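Structure at a glance
Spelled out from the first residue to the last, the chains are:
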Amino acid sequence: MANSINISLINGINQEVSSDVDILNIEGQGYGRVYLKDRTSDLTINMNNIKFGTDENGGYLDLSGETQGEININVIGESVINAGKVSLDYVPDDGVVVNAAIRIPNGVITTITCGKGNSLTCIGETLVYKEGVTPEYKAGAGIGGSNRDTCGTITVNCEGEIKSIGGVSAAGIGGGCGGNGNNITINSINGGKVEAIAT
């Protein structure tokens, strides 16, 4: 029997999803982080009308645990994931992570399905800082890699609408700023619309 859990988003959530979960249902609104523990089996994620993050307080779904199974994301209703924007007046540590809205790093296999009448908007995080007088950036993709990440294997099957916007110098769907794309397949079905925007 499949082991399923429900997560209702709240402000400041920092929720780990254990390796024995087969079905993850996410609903509600808030900001913070939902992330996977290392796992060896497949996982289905159902996103039901979520509003996760704002420019001021980002939200992101992190699929970067050691994952040998495949991950399937089903978009239900209208969902928005915004990993946020950060401005600093100093140079951040070189190892700082700037997040994709849905982080799918190299080695992770993920299929996103958005049926007719459903929609998903993803906005990758942008960190702006100054070294001297010139602004510098670190950024995550809308869907794919965080900064310096090469993205994993991503398949999008869309009969509804998906818009994925990367942070500055990051892909809409693909690698983060300083990272690379990988194996990406986008299937628009029966007039489905997919926009992947690199900024």
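As shown above, the structure is provided for reference.
Overview of the structure. (Residues numbered from 1 in each chain as written. Predicted model: local features only at pLDDT ≥ 70, side-chain atom pairs only at ≥ 80, totals over all residues. Heavy atoms only, no water.)

This part covers the packing of aromatic side chains. Within this structure, the stated rule accounts for 0 aromatic pairs. Above the ring of Tyr35, the side-chain terminus of Arg33 is found at 3.7 Å from the ring centroid. (Phe/Tyr/Trp six-rings, centres within 6.5 Å; stacked < 30°, edge-to-face > 60°. Lys NZ or Arg CZ within 6 Å of the ring centre and 35° of its normal.)

Glycine aside, negative phi is the norm for most residues, and most peptide bonds take the trans geometry. A positive phi angle, close to 70°, is found at Arg148, a residue other than glycine. Its place among the elements puts Arg148 in the loop between strand S13 (143–144) and strand S14 (153–158). Residue classification places Arg148 among the exposed positions, given a relative accessible area of 51%. The backbone phi angle of Ser169 is positive, close to 70°, even though this residue is not glycine. (Helix = DSSP H or I, 4+ residues; strand = E, 2+ residues; numbered from the N terminus. Buried < 20%, exposed > 50% of the residue type's maximum accessible area, 1.4 Å probe, protein only.)

Across the sheet, which stays open at both edges, the 3 strands sit in the order S7-S11-S12 with mixed pairing between neighbours. Every other strand in the sheet has two partners, leaving strand S7 (85–87) and strand S12 (134–139) as the edge strands with one partner each. Taken over all neighbouring pairs, the strand axes of this sheet differ in orientation by 25° on average, direction set aside. With 3 bridges connecting them, S7 and strand S11 (residues 126–131) associate as parallel partners. Within the sheet, the bridge partner assigned to Val86 lies in S11 and is Leu127. (Pairing = 2+ DSSP bridges. Axes fitted to C-alpha atoms, helices over the stretch in contact; angles between N-to-C directions.)

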